[in-house]
Amino acid sequence: MKSSKVKVIVALICVFLLGFGVATAATNPILKIGLDGFTLNMTSSKGKIQVGNKMVPSTIAQNGTTYIAAPAIGTVFQANYAFDSKTSTFMFNSYKKDQDKAQIQKLQGQVSTLKELLAQAQSTKNKADGWLEYHSKHFTLLYTKQYEKDVEKAAADFEQGYNVATAEFASLLPEIGSTLNDGLHPIYIYLHPTATDKVSEGTAYNYTYGTDEVLRAEIHVLTPSAYQKKGYTLEGGLYDEAYFTHLFKHEFIHTPQTYLQENIRRGDKKGWFTGGEEMQWIKEGQAEYLAAKGTDDLKKSEAYWKPIILEKPQEHIIIYKDNISVKTQYIGGYMFTAFLYETYGSDKFNSFLASTQPTMEKAFVQTFGSFEQVNTKWLEWLKK
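Here we look at the overall build of the protein
Here comes step 1: Of regular secondary structure, the protein possesses eleven helices and 17 strands.
Here comes step 2: Counting only residues that meet the buried cut, the protein has 45% of its 384 residues in that class.
Here comes step 3: Summarising the internal contacts of the protein: among those between residues at least 6 apart in sequence, 61% fall at separations of at least 24.
Here comes step 4: Of the roughly 20800 Å² that the protein leaves accessible, carbon and sulfur atoms contribute 54%.

Let's talk about the layout of surface pockets
Here comes step 1: In this structure, the largest pocket encloses a volume near 710 Å³.
Here comes step 2: Lining the largest pocket are 24 residues, with T233, L234, Y243, H246 and E288 sitting closest to its centre.
Here comes step 3: Ranked by residue count, the leading element in the lining of the largest pocket is helix α5 (residues 241–264), at six residues.
Here comes step 4: Its residues assigned to classes, the lining of the largest pocket shows eleven nonpolar, seven polar and six charged.

Topic: the side chain of T258
Here comes step 1: Within the element layout of this structure, T258 appears in helix α5.
Here comes step 2: Given the relative accessible area of 11%, T258 is considered buried.
Here comes step 3: Once residues within four sequence positions are removed from consideration, T258 is found in contact with T208, L215 and K283.

Some remarks on the pattern of salt bridges
Here comes step 1: If you walk through the whole model with that rule in mind, you get five salt bridges.
Here comes step 2: Put simply, K145 and E148 hold a salt bridge, and the shortest N to O gap is 2.9 Å.
Here comes step 3: The salt bridge partner of K153 is D157, with a shortest N-O separation of 2.9 Å. Taken together, the residues K153 and D157, both in helix α3 (residues 151–169) and four residues apart, mark about one turn of the helix.
Here comes step 4: A relative accessible area of 2% places D157 in the buried class.

Some words on the side chain of T223
Here comes step 1: Summarising the element assignment, T223 is placed in the loop between β15 (215–222) and α5.
Here comes step 2: Polar side-chain contacts of T223 include one of 2.6 Å to the side chain of D150.

Definitions and cut-offs
- Residues numbered from 1 in each chain as written.
- Predicted model: local features only at pLDDT ≥ 70, side-chain atom pairs only at ≥ 80, totals over all residues.
- Heavy atoms only, no water.
- Helix = DSSP H or I, 4+ residues; strand = E, 2+ residues; numbered from the N terminus.
- Buried < 20%, exposed > 50% of the residue type's maximum accessible area, 1.4 Å probe, protein only.
- Contact = heavy atoms within 4.5 Å.
- Areas by Shrake-Rupley, 256 points an atom, 1.4 Å probe, with all protein chains shown as cover.
- 1 Å grid on protein atoms, 1.4 Å probe; cavity = no way out; pocket = protein on both sides within 12 Å on 5 of 7 lines; lining within 4 Å.
- Points joined across faces, edges and corners; volume = space filled by probe spheres on them.
- Nonpolar A, V, L, I, M, F, W, Y, C, P; charged D, E, K, R; others polar.
- Salt bridge = Lys/Arg side-chain N within 4 Å of Asp/Glu carboxyl O.
- Polar contact = N/O pair within 3.5 Å; in protein donor to acceptor, adjacent residues only side chain to side chain.

Set out below in structure tokens:
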């Protein structure tokens, strides 16, 4: 700014604008108005400020002096003001920010209280139903006194599920680790002492419902010590510690899968959605693969199922020119997901999940190429 004298009349009443004013000599072409980090050039704006879609006068020239209606500007910008004579800058600091901050803090306090009340109500219900609670940072494990010996090992297995999920989904949703089991996304894991219509030896289920903002997960499994049989699994294996570790990791992974889907598709975001029975192979296949990834179980599964699928593909998975038909989620879906990860990489698979294409088929072709090309690689992979 060129050096020139600025006449400041702090107590002058600007009758035209009905407010206290700051005056500057007409010879001074510029007077800066600082607005929370921005500078308003009163000369280039011709003495006006924008209010809505209109430019409103905020200065008036009289007897060679320009008066600035500081209170009027402060009201428009909801700000307090002060003049810096050294820089000829009138600084306006918003008080609305402080008001908003206080309101946000108040709402956060109310939400925190509500979350505590909900947690207390859930805990009271659990105790009334005969459940004991084991609290981890990442979930609440519910068990009965009879099978207390299963708690520590089961908790460790579910922690592995948390670690796998946060590592695999972090690129799609960086906050996934801190969100799981926070006050608005609680995770309850039930170690049932006896079989039910939905939980039995070799059968478990994950019931996750809600939205990405408020989501609740319930994982139901038969506690390991309640198993009466030693086996066998689909692959002829035993119900041993490795089996339970894989099962518990698999079931836990379904919760972040659901949260991820809700987050990616929320609001006006567009794209295909991994819901519906015909696309369950994606969720189950991914959960199976991620639970086995990096273990001997994955190698054993591939060695066991590849020749079976190759011999009778129609019983497990068929790739057509324009779509895929998966008959067995835990076999065909599992192996095809393993193939996609191992052939194209996890980044490609994540791009597939997050694609904005309207259908799974279009998202698949966009990510991996034509179905014919993928089928050729799939058959080659099965023969390895």
